[in-house]
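Structural features, examined
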Amino acid sequence: MKTRSEMREAALRIVYKINVFEDARVYYEIDDLIKEEYEVENDFINSLVKGVIEKKGELINLVNSYLTDWNLKRFNKVDQALFLLASYELKYMETPSIVTINEWIEISKKYSDEKVTKMLNGVLDNIFHSGEENE
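Read on for an overview of the structure. Fair warning: this is a prediction, and the values are worked out from it, not measured in the lab.

Reading the values: the criteria
- Residues numbered from 1 in each chain as written.
- Predicted model: local features only at pLDDT ≥ 70, side-chain atom pairs only at ≥ 80, totals over all residues.
- Heavy atoms only, no water.
- Phe/Tyr/Trp six-rings, centres within 6.5 Å; stacked < 30°, edge-to-face > 60°.
- Lys NZ or Arg CZ within 6 Å of the ring centre and 35° of its normal.
- Helix = DSSP H or I, 4+ residues; strand = E, 2+ residues; numbered from the N terminus.
- Expected span 1.5 Å × (residues − 1).
- Buried < 20%, exposed > 50% of the residue type's maximum accessible area, 1.4 Å probe, protein only.
- Contact = heavy atoms within 4.5 Å.
- Polar contact = N/O pair within 3.5 Å; in protein donor to acceptor, adjacent residues only side chain to side chain.
- Core = buried A, V, L, I, M, F, W, Y, C linked by side-chain atoms within 4.5 Å.

Right, let's get into the packing of aromatic side chains. Any pair of aromatic rings gets described here by the distance separating the centres and the angle formed by the planes. Overall, the coordinates contain four aromatic pairs when judged by the stated rule. An aromatic cluster of three or more residues is present, and its members are Trp 70, Phe 75 and Phe 83. Between Arg 74 and the ring centre of Trp 70, over which it is positioned, the NZ or CZ distance is 3.9 Å.

Written out as structure tokens, the structure is:
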């Protein structure tokens with residue numbers, strides 16, 4: 001059985017692929033991408049990935065509202081996926097806020113650079129303190 005951290009990383013890879021496919025205008029099935037990355041049915045991954053896709057526009061606006069002199073489009077596809085998944089989990093899922101923030105910061109350290117990790121931490125901290133998480 002995989003840990004939640006490993007499931008978050010699987011979700012990151014899936015949302016990254018979706019970002020690439022959407023930019024290239026390549027057709028994809030969300031369920032197929034999830035199954036490719038994670039063979040067994042998993043509610044946590046399904047909720048994260050499908051939630052990000054469903055709320056993508058809202059999440060982009062939310063993240064952009066907390067990025068000073070930056071825009072999510074300026075980040076690479078992996079970093080975009082990090083911001084979207086972390087903000088979705090913080091805002092819409094039942095995971096304790098501190099766990100969500102810590103987990104995504106650790107994943108960011110593994111997949112991105114220090115500047116992005118600091119920006120992600122700032123955005124998540126702002127979402128948390130604005131009371132927008134778990135509404």
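So, next bit.
A few words now on helix α3 (residues 43-54). Along an α-helix, a turn takes 3.6 residues, which lines up residues three or four apart on a common side. Between its terminal C-alpha atoms α3 stretches 16 Å, which fits the 16 Å expected from twelve residues at 1.5 Å a residue. Looking only at α3, the buried set comprises Phe 44, Ile 45, Asn 46, Leu 48, Val 49, Gly 51 and Val 52. Looking at the packing, one finds that the buried side of α3 touches α1 (4-24), α2 (30-37), α4 (56-66), α5 (77-92) and α6 (97-111). Two or three places before Phe 44, at the opening of α3, Asn 42 has a side-chain oxygen 3.0 Å from that residue's backbone nitrogen.

Formed by 41 residues in total, the largest nonpolar core has its most connected members in Ile 45, Leu 48, Val 49, Phe 83, Leu 85 and Trp 104. If you list the elements that add at least two residues to this core, you get α1, α2, α3, α4, α5, α6 and α7 (114-129). With eight residues, α5 is the largest single contributor of residues to this core. Setting aside residues no more than four positions away along its own chain, Phe 83 makes contact with Val 63, Leu 67, Leu 72, Phe 75, Val 116, Met 119, Leu 120 and Val 123.

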